[in-house]
Amino acid sequence: MTIKEAAQITGISIDNLRYYERIGLVPEVPRTESGIRNYDEMAISWIEFAMRFKKAGVSLEAIREYIQLALQGLSTKDARLEILLDTKSELEKKLKDIQDTLDVVNYKIDTY
């Protein structure tokens, strides 16, 4: 599919898709013989993966590192697992912080 179609599917602007590919946040997208990006299901999956992690507050560097390691294959399995475990720990802390704040808000609402 074209970059325009990929932008529509993912909800990410064409400029951002190009930028994310350029900085290695998503793997290089396959191209046609004439050099036009040809997004396949794998490319869309990587974009969705990266954007989900980005939305959760995972650093761009951690996302980029994970994806670059994944592209190298099974030999990087341990390093990728470590990134995922670190990410999980950070997300659990954020979730606890949000839950604590929600508890305070609910308390305040209940006491009105």
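Computed from a prediction, not measured in an experiment: that's the story for all the values here. (Residues numbered from 1 in each chain as written. Predicted model: local features only at pLDDT ≥ 70, side-chain atom pairs only at ≥ 80, totals over all residues. Heavy atoms only, no water.)

**Re the overall build of the protein**
- Helix and strand content of the protein: five helices and zero strands.
- Helices and strands appear in the protein in the N-to-C order α-α-α-α-α.
- In terms of overall size, the protein is more extended than a compact globule, its C-alpha atoms giving a radius of gyration of 18 Å where 112 residues would be expected to give roughly 13 Å.
- By principal-axis analysis of the C-alpha atoms, the protein measures approximately 65 × 35 × 20 Å.
- Residue burial in the protein is summarised as follows: out of 112 residues, 29% are buried.
- Look at the contacts in the protein between residues 6 or more apart in sequence, and 41% of them connect residues 24 or more apart. (Helix = DSSP H or I, 4+ residues; strand = E, 2+ residues; numbered from the N terminus. Rg over C-alpha atoms; globule rule 2.2 N^0.38 Å. Buried < 20%, exposed > 50% of the residue type's maximum accessible area, 1.4 Å probe, protein only. Contact = heavy atoms within 4.5 Å.)

**A closer look at the packing of aromatic side chains**
- Applying the stated criterion across every chain yields a total of four aromatic pairs.
- Ring geometry for Trp46 versus Phe49: centroids 5.7 Å apart, planes at 85°, classification edge-to-face. With Trp46 and Phe49 both in helix α3 (residues 41-55) and three residues apart, the pair spans about one turn of that helix.
- Looking at Trp46, the relative accessible area reads 17%, which means it is buried. (Phe/Tyr/Trp six-rings, centres within 6.5 Å; stacked < 30°, edge-to-face > 60°.)

**Comments concerning the packing of α3 against helix α4 (residues 60-72)**
- Running from N to C, α3 and α4 point in directions that differ by 150°, and their axes come no closer than 9 Å. Considered as vectors, α3 and α4 are oriented roughly antiparallel to each other. α4 is crossed by α3, and the crossing has right-handed handedness. Here α3 contributes Trp46, Phe49, Ala50, Phe53 and Lys54 to the contact with α4, which in turn contributes Leu60, Ile63, Tyr66, Ile67 and Ala70. (Axes fitted to C-alpha atoms, helices over the stretch in contact; angles between N-to-C directions. Parallel < 35°, antiparallel > 145°, perpendicular 65-115°, else oblique. Left-handed = near helix turned anticlockwise from the far one by under 90°.)

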